Amino acid sequence: MNDSPNRQTEARLSQPAKKSEPVVSDSHAPFGASSDHGITGQGQYDMTSDNINNNLNHNTNGNMNNNKRRSLITYNHITYLLYVLSYFTAGLLWIVPIFMNYAKRQDADGSWLATHFDWQIKTFWYSIFWFIIGIVIITFALGGFGVSMLADSGNIAIGSVLLAGFGLAIMGFTFIWHLYRIVRGWIALTDGRPVP
């Protein structure tokens, strides 16, 4: 008698599980949706109204990502344009795009657009660094030139002019390098590809 419950349990385990057929709870509901439960089954055909809403939200988020991507591309075009326009405003617009880049940088994380934000930020800071180095060298050289004029020493004056020329060369190189980076980055953005 003690064996009969064990035999019944073994018999149930050895029988294949039956799949239940999908049940439609409301005949007036549109296909794939229902007012209460929708089409349900063994989890395989689970199309409840909550799951349909989740699928719709997922698709909407996908569209938002495309809209966000387009928005960030336009945003990057504007920042590249501002960098170019800064050349015609004696550098007054130079500071605006760097703030814009820092403001939206995290929105582009994990996408190819993040490389453009980083590219512009690095271009700005390296350009500032080398431009300041050039100004410091020129200031030091002209300070030496001023002292040499008072001291009436020709050798110091020649050294000061050469040093000032070196400072101007650094500033000129920085100007060309900055313009090159902006143009290269803008072309890559127009082509829809990241920058290295």
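Residues numbered from 1 in each chain as written. Predicted model: local features only at pLDDT ≥ 70, side-chain atom pairs only at ≥ 80, totals over all residues. Heavy atoms only, no water.

**Student:** Kindly report on the packing of aromatic side chains, identifying the contributing residues and their values.
**Tutor:** Tallied over the full model, the rule gives eight aromatic pairs. The interplanar angle of 75 degrees and the centroid separation of 6.5 Å between the aromatic rings of Trp94 and Phe131 together place this pair among those described as edge-to-face. You can see Trp94 sitting in the loop between helix H2 (49-85) and helix H3 (95-104) and its partner Phe131 sitting in helix H4 (residues 113-151), a full 37 residues away along the chain. Assessed through its relative accessible area of 17%, Trp94 is described here as buried. Ring plane angle 80 degrees and centroid distance 5.1 Å describe the contact between Phe129 and Trp130, whose orientation is recorded as edge-to-face. In this structure Phe129 comes out as partly exposed when scored by relative accessible area, which is 45%. One aromatic cluster is present, formed by Trp94, Phe124, Trp125 and Phe131 through successive ring pairs. Cation over ring: Lys104 sits above Tyr75, and NZ or CZ is 5.8 Å from the ring centre. Positioned over the ring face of Trp119 is Arg181, at 3.6 Å from the centre of the ring. (Phe/Tyr/Trp six-rings, centres within 6.5 Å; stacked < 30°, edge-to-face > 60°. Helix = DSSP H or I, 4+ residues; strand = E, 2+ residues; numbered from the N terminus. Buried < 20%, exposed > 50% of the residue type's maximum accessible area, 1.4 Å probe, protein only. Lys NZ or Arg CZ within 6 Å of the ring centre and 35° of its normal.)

**Student:** So what's going on with the pattern of salt bridges? Which residues, and what values?
**Tutor:** A full pass over the atoms with the stated rule returns three salt bridges. The partner of Lys104 in a salt bridge is Asp107, with the nearest N and O atoms 3.7 Å apart. For Lys104, a relative accessible area of 28% puts it in the partly exposed group. Judged by relative accessible area, Asp107 falls into the partly exposed class, the value being 33%. The residue Arg105 makes a salt bridge to Asp118 at a minimum N-O spacing of 3.0 Å. Of this pair, Arg105 sits in the loop between H3 and H4 while Asp118 is found in helix H4, placing the two residues 13 residues apart along the sequence. By relative accessible area, Asp118 is classed as partly exposed at 28%. (Salt bridge = Lys/Arg side-chain N within 4 Å of Asp/Glu carboxyl O.)

**Student:** Give me the nonpolar core: which residues, what numbers.
**Tutor:** Formed by 20 residues in total, the largest nonpolar core has its most connected members in Tyr83, Ala108 and Leu113. Apart from the residues lying within four places of it in its own chain, the contact partners of Leu113 are Arg69, Leu72, Ile73, Asn76, Ala108 and Leu189. (Core = buried A, V, L, I, M, F, W, Y, C linked by side-chain atoms within 4.5 Å. Contact = heavy atoms within 4.5 Å.)

**Student:** Report on the confidence of the model for the chain, specifying residues and quantitative values.
**Tutor:** Confidence in the prediction of the chain, expressed as mean pLDDT, is 74, and 61% of residues score 70 or more. Averaged pLDDT values over the elements of the chain bottom out at 40 in strand S2 (residues 39-40) and peak at 92 in H3. (pLDDT = per-residue confidence, 0-100.)

**Student:** So, a nonpolar patch on the surface: which residues are in play, and what are the values?
**Tutor:** A cluster of nonpolar side chains, Phe175, Ile176, Leu179, Val183 and Ile187, forms an exposed patch at the surface whose accessible area comes to about 440 Å². Its location among the elements puts Val183 in helix H5 (residues 154-191). (Patch = residues over 30% accessible without salt bridge, like charges linked within 9 Å, V, L, I, M, F, W, Y side chains within 5 Å. Areas by Shrake-Rupley, 256 points an atom, 1.4 Å probe, with all protein chains shown as cover.)

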